[in-house]
Amino acid sequence: MARTWEQAWGEALYGEGGFYRRAEGPAGHFATSAQGPAADLLATTLLELARRESLTTIIDVACGRGELLSSLASQADPSIRLVGVDIVERPDRLPARVEWRRSPGGAEVPDLGSPMDALVLAHEWLDVVPCPVAQADGQGRLRTVLVGDDGAETLGDLLPGPDRDWSDKHWPGPHAPGDRVEAGRTRDAAFAALIDRVGSGLVAAVDYGHLRDSRPPLGTLVGFAAGSVCLPVPDGSCDITAHVAMDSLGADELHTQGDLLRDLGLDGTRPPLELARTDPARYLAALSSASQAAALTGSGPGGFVWALRRVR
Ligand SMILES: C[S@@+](CC[C@H](N)C(=O)[O-])C[C@H]1O[C@@H](n2cnc3c(N)ncnc32)[C@H](O)[C@@H]1O
């Protein structure tokens, strides 16, 4: 049965038997900065951000199985409250000090108790919030793309009002026949819902995204499974993701990850070779830290966009 991408995508990731309900979690299929070898260093920089902003609670929304929270728990002063939010039950191996909230998934956010002085991170969340996908027909008019359970697409009706308004404002034409638009209305609403759940602090959505002057004309919708890119088939067998229009979210500030983390003190400079001779253990530790810093700030993750919004 053909459904809109928004419907089929939501069911495929968060429905019963959905991709993100699988036991192996996201880390079983792909590496991110929050659960790979660089997670410890990302945790260090988050703690520095919390210190600079005088924030005493860190909430990781869409935290997978809590990998980044485990790194945070091993480094953070006991006075820092740590909370994880994802769609599954509390993972067994999560450190005891980490609290857990279960979420419905997609654009919905559970009650977080209006935390005060909170740093709320949503790392690679919005790209998996389903959004309508539209394609320009022979006359350049945007039509909703429908998808079958096998991934086969057809063009449906003209894109309805709210999504057309969003596209006119944030991803305007003219659109050549075949051009695509991933209408970010649902991501904007999800980010706004997250901000509403916070009493005070800083909300950071971190994702691969685009800005108005660099929208990808053919869209970015893609699948991921077992470490590889694949066709997006909405049957629960793969992740389904599309880049985020970061400048439509209503953030106070947008920064590339490279710039932000360097400002927080991350340094990818290799240690002097001389150190290898005088203190081999320190040299190896510094080299490992430099290579993780380079992984977080270099090409790829370094180009991720951090959308920051202060809640007062
Ligand atoms: C791409 S993974 C990112 C995981 C982790 N943040 C990282 O960067 O490694 C997306 C995660 O978002 C979770 N997710 C999606 N919608 C959510 C929601 N509304 N609330 C909480 N978690 C959500 C999924 O279950 C999945 O674990």
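Given the structure is predicted, the values throughout are model-derived calculations rather than measurements. (Residues numbered from 1 in each chain as written. Predicted model: local features only at pLDDT ≥ 70, side-chain atom pairs only at ≥ 80, totals over all residues. Heavy atoms only, no water.)

1. With respect to the overall build of the protein chain
Stage number 1. From N to C terminus, the protein chain includes 8 helices and 17 strands.
Stage number 2. For the protein chain, buried positions account for 53% of its 312 residues.
Stage number 3. Put simply, 68% of the contacts in the protein chain that link residues at least 6 apart link residues at least 24 apart.
Stage number 4. Entry remark: accessible area of the protein chain is about 13800 Å², with carbon and sulfur atoms responsible for 52%.
Stage number 5. Here the protein chain contributes 29 positive and 43 negative side-chain charges, whose respective centroids are spaced 3 Å apart. (Helix = DSSP H or I, 4+ residues; strand = E, 2+ residues; numbered from the N terminus. Buried < 20%, exposed > 50% of the residue type's maximum accessible area, 1.4 Å probe, protein only. Contact = heavy atoms within 4.5 Å. Areas by Shrake-Rupley, 256 points an atom, 1.4 Å probe, with all protein chains shown as cover. Lys, Arg positive; Asp, Glu negative; His and termini not counted. Charge placed at Lys NZ, Arg CZ, Asp CG, Glu CD.)

2. Focus on empty space enclosed by the protein
Stage number 1. Using the criterion set out here, one finds 1 cavity of 30 Å³ or more in the structure.
Stage number 2. In this structure, the largest cavity spans a volume of roughly 400 Å³.
Stage number 3. In terms of lining, the largest cavity is formed by 30 residues, of which the most central are Ala 62, Cys 63, Gly 64, Asp 86 and Glu 124.
Stage number 4. Counting only elements with at least two residues in the lining of the largest cavity, the list comes to β2 (57–61), α3 (67–75) and β3 (81–86). (1 Å grid on protein atoms, 1.4 Å probe; cavity = no way out; pocket = protein on both sides within 12 Å on 5 of 7 lines; lining within 4 Å. Points joined across faces, edges and corners; volume = space filled by probe spheres on them.)

3. Brief notes about the site of the ligand
Stage number 1. The environment of the ligand is made up of 20 residues, and the closest members are Thr 32, Ala 62, Asp 86, Glu 108 and His 123.
Stage number 2. Here an oxygen atom of the ligand sits 2.5 Å away from a polar atom, N or O, in the side chain of Thr 32.
Stage number 3. His 123 has a polar side-chain atom sitting 2.7 Å from an oxygen atom of the ligand.
Stage number 4. If the ligand stood free it would expose 590 Å²; the protein chains cover 99% of that surface.
Stage number 5. Among the detected pockets, the ligand sits in the largest cavity.
Stage number 6. Across the shell around the ligand, the residue classes break down as 10 nonpolar, 7 polar and 3 charged. (Near = heavy atom within 4 Å. Polar contact = N/O pair within 3.5 Å; in protein donor to acceptor, adjacent residues only side chain to side chain. Sits in = over half its atoms within 2 Å of the grid points. Nonpolar A, V, L, I, M, F, W, Y, C, P; charged D, E, K, R; others polar.)

4. Some words on the packing of aromatic side chains
Stage number 1. If you walk through the whole model with that rule in mind, you get 4 aromatic pairs.
Stage number 2. Taking 6.1 Å as the distance between ring centres and 20 degrees as the angle between the ring planes, the aromatic pair formed by Tyr 14 and Tyr 20 counts as stacked.
Stage number 3. On the accessibility criterion, Tyr 20 (10% relative accessible area) is buried.
Stage number 4. Centroid distance Phe 19 to Tyr 20: 5.1 Å. Interplanar angle 70 degrees. Geometry classified as edge-to-face. Each member of the pair, Phe 19 as well as Tyr 20, is classed as buried.
Stage number 5. Among the aromatic side chains, those forming a connected cluster through ring pairs are Tyr 14, Phe 19 and Tyr 20. (Phe/Tyr/Trp six-rings, centres within 6.5 Å; stacked < 30°, edge-to-face > 60°.)

5. Remarks on the domain arrangement of the protein chain
Stage number 1. Examined at the domain level, the protein chain breaks down into domain 1 (1–17 + 132–182 + 218–232) and domain 2 (31–129 + 184–208 + 243–264 + 302–311).
Stage number 2. Taken together, the contact between domain 1 and domain 2 spans 11 residues of the former and 15 residues of the latter.
Stage number 3. For the pair domain 1 and domain 2, the interface holds 2 salt bridges.
Stage number 4. Arg 185 is the partner of Asp 163 in a salt bridge, and the nearest nitrogen-oxygen pair spans 2.5 Å.
Stage number 5. Inspection of the region where domain 1 meets domain 2 yields 5 residue pairs in polar contact (both at pLDDT 80 or more).
Stage number 6. Counting only elements with at least two residues in the side of domain 1 that touches domain 2, the list comes to α1 (5–14) and α4 (161–170).
Stage number 7. Its residues assigned to classes, the side of domain 1 that touches domain 2 shows 6 nonpolar, 2 polar and 3 charged. (Domains from an automatic or database assignment. Salt bridge = Lys/Arg side-chain N within 4 Å of Asp/Glu carboxyl O.)

6. Considerations on the side chain of Asp 60
Stage number 1. Within the secondary structure layout, Asp 60 lies in strand β2.
Stage number 2. Of the side chains with opposite charge, Arg 65 lies nearest to the buried Asp 60, which makes no salt bridge, at 11 Å.

7. Quick notes on the sheet that holds strand β14 (residues 239–241)
Stage number 1. Reading across from one edge, β13-β12-β14 is the order of the 3 strands in this open sheet, with antiparallel pairing throughout. Taken across any chain shown, the strands that pair with only one partner, and hence form the sheet edges, are β13 (228–230) and β14. The sheet shows a mean angle of 35 degrees between the axes of neighbouring strands, direction not considered. (Pairing = 2+ DSSP bridges. Axes fitted to C-alpha atoms, helices over the stretch in contact; angles between N-to-C directions.)

8. A word on the nonpolar core
Stage number 1. Core analysis: the largest hydrophobic core is formed by 58 residues, its most contacted members being Trp 9, Leu 68, Leu 72 and Trp 306.
Stage number 2. The leading source of residues in this core is helix α2 (residues 39–52), at 8 residues.
Stage number 3. Counting the residues that make up this core, at least three belong to each of domain 1 (1–17 + 132–182 + 218–232) and domain 2 (31–129 + 184–208 + 243–264 + 302–311). (Core = buried A, V, L, I, M, F, W, Y, C linked by side-chain atoms within 4.5 Å.)

9. Comments concerning the pattern of salt bridges
Stage number 1. Taken as a whole and assessed by the stated rule, the structure comprises 18 salt bridges.
Stage number 2. With a closest N to O distance of 2.9 Å, Arg 51 and Glu 48 form a salt bridge. Here Arg 51 pairs with Glu 48, and both are found in helix α2, just 3 residues apart, close to one helical turn.
Stage number 3. Among the residues examined, Glu 48 registers a relative accessible area of 19% and is labelled buried.

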